[in-house]
Amino acid sequence: MNLAKELSALGHEVKVVYPELREQHYDGFESRIIKFQDGTQSVADLPFNFPCFTSHPRSNNTYYALSNDQMKAYVDLFVQVAKEEVESFKPDLIHAQHLWITPYAAAQTGVPYIVTAHGTDLKGFVKDERYHPYAIEGAKKAKKIITISKQVHSEVKELYGVPESQCELIMNGYDENLFMVKPELDVSAVLRSFNIDTTSKHIVSFAGKLTHFKGIDVLLKAAKHYEREIGDIMTLIAGNGELYDELTRLKRELGLNNVHFLGHVNQKQLVDLYNIADVSTVPSRTEPFGLVAIEALACGTPVVGTNQGGLPDFITESVGRLVPVEDDLSLADAITQEILHSDKDTRAKACAAYALESFSWKHSIKAVEALYKTLV
């Protein structure tokens, strides 16, 4: 959506094909829905909910849970729609998202295309070999593959057997018109909007899916340590997923009375969450890029993340800290150091300036547009 908006603002004609349950309206660009079924609609293009690599607020279905017949129907429909849109919209170029089914569909149209590898697609590639023929053909025939971090860049070449010359490293961007410092925010009012009637001197935030690779269990174990060290501190966890029950049970077992699970939050709420937090955390076991970290930095919030994946590409000592994976003691210590930092105002300004200068959509879109022009 952000890519389409920015390209449209630059004067390009854009159409997005997207899977959903109900049609959405977007200003600035055309769109076409591939409609899936969650049991509430009378009409759908496919009689099952849209599959994902992990859980989604509107679907618990995954690619790996699809039967062979469902998988074939999914692939065939994407190919059909891609051909129909090429015939009617007549694009110069197709930009497919994920090294999965969409680049395979693009390959069947004869129109030149590029693909962005986001990282979860690479996990899917390792997990389910049924998709290999589609993913490999989609990768091999792409004019360029955009990778979002050094780790993803390396894994794409290794898993799909594509040469270095076919890959282009362009890091993700964030929406600078949304994610920004909001000094006027009332912390108590924001907490009440999350149905929390108490407040704390210090706040730690997390945003992401409640799934194993995100490492929320490590954060909860770290909270046990930093609550004892600091005392008046609250941890807010935004997101939902298949581990919700397991994580809330772990919270009870650890005796964490000041950890709050907020469930799914919208982007405006996410901006408020980052702004009221003293530090944001990305305790992932693996993280292909970590856009949530960039968004937090844009709101003036330093980030403590794990030293792997895409996070070391941009988290520096001036805006945060990196810790080993699965190390709750190091995570707790880094969070405590950020909470007790001697000059938090200067650090917050450095975080916001760094994000805006290096990772705004306006910055990223220039690289994407330049790549388009070399291929058309």
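What comes next concerns the included structure. Bear in mind the structure is a predicted one, so any value in this text is a computation, not a measurement. (Residues numbered from 1 in each chain as written. Predicted model: local features only at pLDDT ≥ 70, side-chain atom pairs only at ≥ 80, totals over all residues. Heavy atoms only, no water.)

### A word on the pattern of salt bridges
When the charged atoms of two side chains with opposite charge come close together, those side chains can pair.
Here is step 1: The tally for this structure, following the rule as stated, stands at 21 salt bridges.
Here is step 2: Between D76 and K72 there is a salt bridge, with its nearest N and O atoms 2.7 Å apart. Separated by four residues within a single helix, D76 and K72 lie in helix α2 (residues 68-89), roughly one turn from each other.
Here is step 3: With a closest N to O distance of 3.2 Å, K362 and E176 form a salt bridge. Remark: E176 occurs in the loop between β6 (167-169) and α7 (187-193) and K362 occurs in helix α14 (residues 361-375); sequence separation between them is 186 residues.
Here is step 4: A single salt-bridge network, built from bridges that share partners, covers K15, E30, R32, E84 and E85. (Salt bridge = Lys/Arg side-chain N within 4 Å of Asp/Glu carboxyl O. Helix = DSSP H or I, 4+ residues; strand = E, 2+ residues; numbered from the N terminus.)

### Overview of the sheet that holds β6
Here is step 1: Across the sheet, four strands lie side by side as β3-β4-β5-β6; this open sheet has parallel pairing. Single-partner strands in this sheet number two, and they are β3 (94-97) and β6. Strand after strand, the sheet turns through a mean of 25° between neighbouring axes, direction not considered.
Here is step 2: By the bridge criterion, three bridges tie strand β5 (residues 144-147) to β6 in an arrangement that is parallel. Its bridge partner lying in β6, I145 is registered against C167. (Pairing = 2+ DSSP bridges. Axes fitted to C-alpha atoms, helices over the stretch in contact; angles between N-to-C directions.)

### Considering helix α5 (residues 132-140)
Here is step 1: Taken residue by residue, α5 has H132, Y134, A135, G138 and A139 as its buried positions. All buried residues of α5 project into a common sector of 165° when viewed along the axis, lining one side.
Here is step 2: Buried positions along α5 lie against α2, α3 (102-107), β4 (113-117), α4 (120-127), β5 and α6 (150-160). (Buried < 20%, exposed > 50% of the residue type's maximum accessible area, 1.4 Å probe, protein only. Arc of directions from axis to C-beta. Contact = heavy atoms within 4.5 Å.)

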